[in-house]
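Read off the chains here:
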Amino acid sequence: MLCFTLKMSELLLIAGVVIGVLMIFRTYVSGARCKSKEKLHGKTVVVTGSNTGIGRATAVDLARRGARVILACRNQTRGVTAVALVQRESGSKNVVYMHLDLASLKSVRSFTETFLKTERRLDILINNAGVFMQGTTEDGLGLMFGINHLGHFLLTNLLLDRLKECAPSRIVNVSSCLHNYGNLDFDTLRQHKEFGVGESFWDVYRIYSHSKLCNVLFTHELAKRLQGTHVTCYSLHPGIINSDINRNMNKMSRRLLKPVAALFFKDVEAGDQTTLHCALQEGIEALSGKYFSNCDVQKVKAKAQDDAVAKKLWEVSETLSGLS
């Protein structure tokens, strides 16, 4: 009897562990799925950084739904290759590449000028591109601040009139849960053209977190300015993604991360679900300006919805991008 009891206990323990692992997988690795059946025939979508990772997976899904999808990417060779891949995987030929280098404010302006001349509609703008590495933009700004925030800030503002003309329309800003670890020191920005300094992994981690907080605060302020226009905006955490952003880490960091990523990180198809939810889900218009994760709205810390800081970030961004 004792032996049987022990075996039953072992089975129950194993069952509990399996159930726990499955729950963790469902929540953190697999994640929630976008439930929208929305079709997008006749509509146009721009996805930045869509030559790889969750950006390309997002483009495939939107193309399958019938949208005209613009892959806005820096590298022409990779962009053209991505067009062929997205067309093949989606079964749609209505996918095109347009050059956009978010590390160059001149390139952002050139992209929007070309887009507005050649495209009649813009229904969804997905600001997906991002980098996790130190460097300097063409305009002398920190690379993560310049690409992850300021380039998208300028792009969005230059396309706002077209989005308003095609309303109801949406803007989706891909942020990260790491925004929780960000803080915006405007004195540091003024001195270094970036919200932090340093070259170590932890310095880069912190600066990346600052840029992701910019995404959330930008969305918060943008929603206020869009009230009454029928253009709505959302920021989101896509999940911990096993994606190409890790290519910017050093070789040792990538080696250490690889087995962890394989077990516990979402693949790109799971990682694009919250982006799709924010871009497509019916009935979330009243949640404009909010932050999402796992296809649901999430509470954020006070610093991520600070009206004064969001307004100051907007004003500083207007100056740095040449909008004011």
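**What about the overall build of the chain?**
Thinking step 1. When helices and strands are counted, the chain shows 11 helices and eight strands.
Thinking step 2. Buried positions account for 52% of the 324 residues belonging to the chain.
Thinking step 3. For the chain, the share of sequence-separated contacts (at least 6 apart) that also reach a separation of at least 24 residues comes to 78%.

**Observations regarding the pattern of salt bridges**
Thinking step 1. Using the criterion set out here, one finds 10 salt bridges in the structure.
Thinking step 2. Across the salt bridge formed by Asp 123 and Arg 121, the nearest N and O atoms sit 2.6 Å from each other.
Thinking step 3. The exposure class assigned to Arg 121 is partly exposed, which follows from its relative accessible area of 28%.
Thinking step 4. One salt bridge in this structure joins Asp 203 and Arg 206, with 2.6 Å as the shortest N-O distance. Of the two residues, Asp 203 and Arg 206 are both situated in helix H7 (residues 201-225); the distance of three residues between them amounts to about one turn of the helix.

**Quick word on the side chain of Asn 173**
Thinking step 1. Checked against the element boundaries, Asn 173 lands in strand E5 (residues 169-174).
Thinking step 2. When sequence neighbours within four positions are dropped, the list of residues in contact with Asn 173 reads Asn 127, Asn 215, Phe 218, Thr 219, Tyr 234, Ser 235 and Leu 236.

**Quick look at the side chain of Ser 90**
Thinking step 1. You can see Ser 90 is positioned in helix H3 (residues 76-90).
Thinking step 2. At a separation of 2.6 Å, a polar atom in the side chain of Ser 90 contacts the main-chain carbonyl oxygen of Val 86.
Thinking step 3. Within the structure, Ser 90 has its side chain in polar contact with the backbone nitrogen of Ser 92 (distance 3.1 Å).
Thinking step 4. The residues contacting Ser 90, other than those within four sequence positions of it, are Val 60, Ala 63 and Arg 64.

**Thoughts on the environment of Ile 54**
Thinking step 1. Among the structural elements, Ile 54 can be located in helix H2 (residues 53-64).
Thinking step 2. Distance from Ile 54 to Asp 272, taken between C-alpha atoms, is 5.3 Å for residues 218 residues apart in sequence.

**Points about helix H5 (residues 143-165)**
Thinking step 1. For H5, spanning 23 residues, the distance from its first C-alpha to its last is 32 Å, which sits close to the expected 33 Å at 1.5 Å a residue.
Thinking step 2. Its maximal kink placed at Leu 159, H5 deviates by approximately 45°.

**Some remarks on the environment of Leu 141**
Thinking step 1. If you trace the backbone, Leu 141 turns up in the loop between strand E4 (124-127) and H5.
Thinking step 2. Residue classification places Leu 141 among the buried positions, given a relative accessible area of 6%.
Thinking step 3. In this structure, the C-alpha to C-alpha distance between Leu 141 and Leu 189, residues 48 residues apart in sequence, is 9.1 Å.
Thinking step 4. When sequence neighbours within four positions are dropped, the list of residues in contact with Leu 141 reads Gly 135, Thr 136, Leu 150, Lys 193 and Leu 320.

**Looking at the confidence of the model for the chain**
The predicted coordinates should not be examined in detail at positions where pLDDT is low.
Thinking step 1. Averaged over the chain, the pLDDT score is 88; the fraction of residues at 70 or greater is 82%.
Thinking step 2. Here residues 1-6 is a poorly scored stretch, pLDDT under 50, and it has zero contacts once near neighbours within four places are set aside; other chains count.
Thinking step 3. A low-confidence stretch, residues 257-267 stays under pLDDT 50, and its non-local contacts, those more than four residues away or across chains, total 25 contacts.

The rules behind each value
- Residues numbered from 1 in each chain as written.
- Predicted model: local features only at pLDDT ≥ 70, side-chain atom pairs only at ≥ 80, totals over all residues.
- Heavy atoms only, no water.
- Helix = DSSP H or I, 4+ residues; strand = E, 2+ residues; numbered from the N terminus.
- Buried < 20%, exposed > 50% of the residue type's maximum accessible area, 1.4 Å probe, protein only.
- Contact = heavy atoms within 4.5 Å.
- Salt bridge = Lys/Arg side-chain N within 4 Å of Asp/Glu carboxyl O.
- Polar contact = N/O pair within 3.5 Å; in protein donor to acceptor, adjacent residues only side chain to side chain.
- Expected span 1.5 Å × (residues − 1).
- Bend = angle between axes of the 7 residues up to and from the residue.
- pLDDT = per-residue confidence, 0-100.

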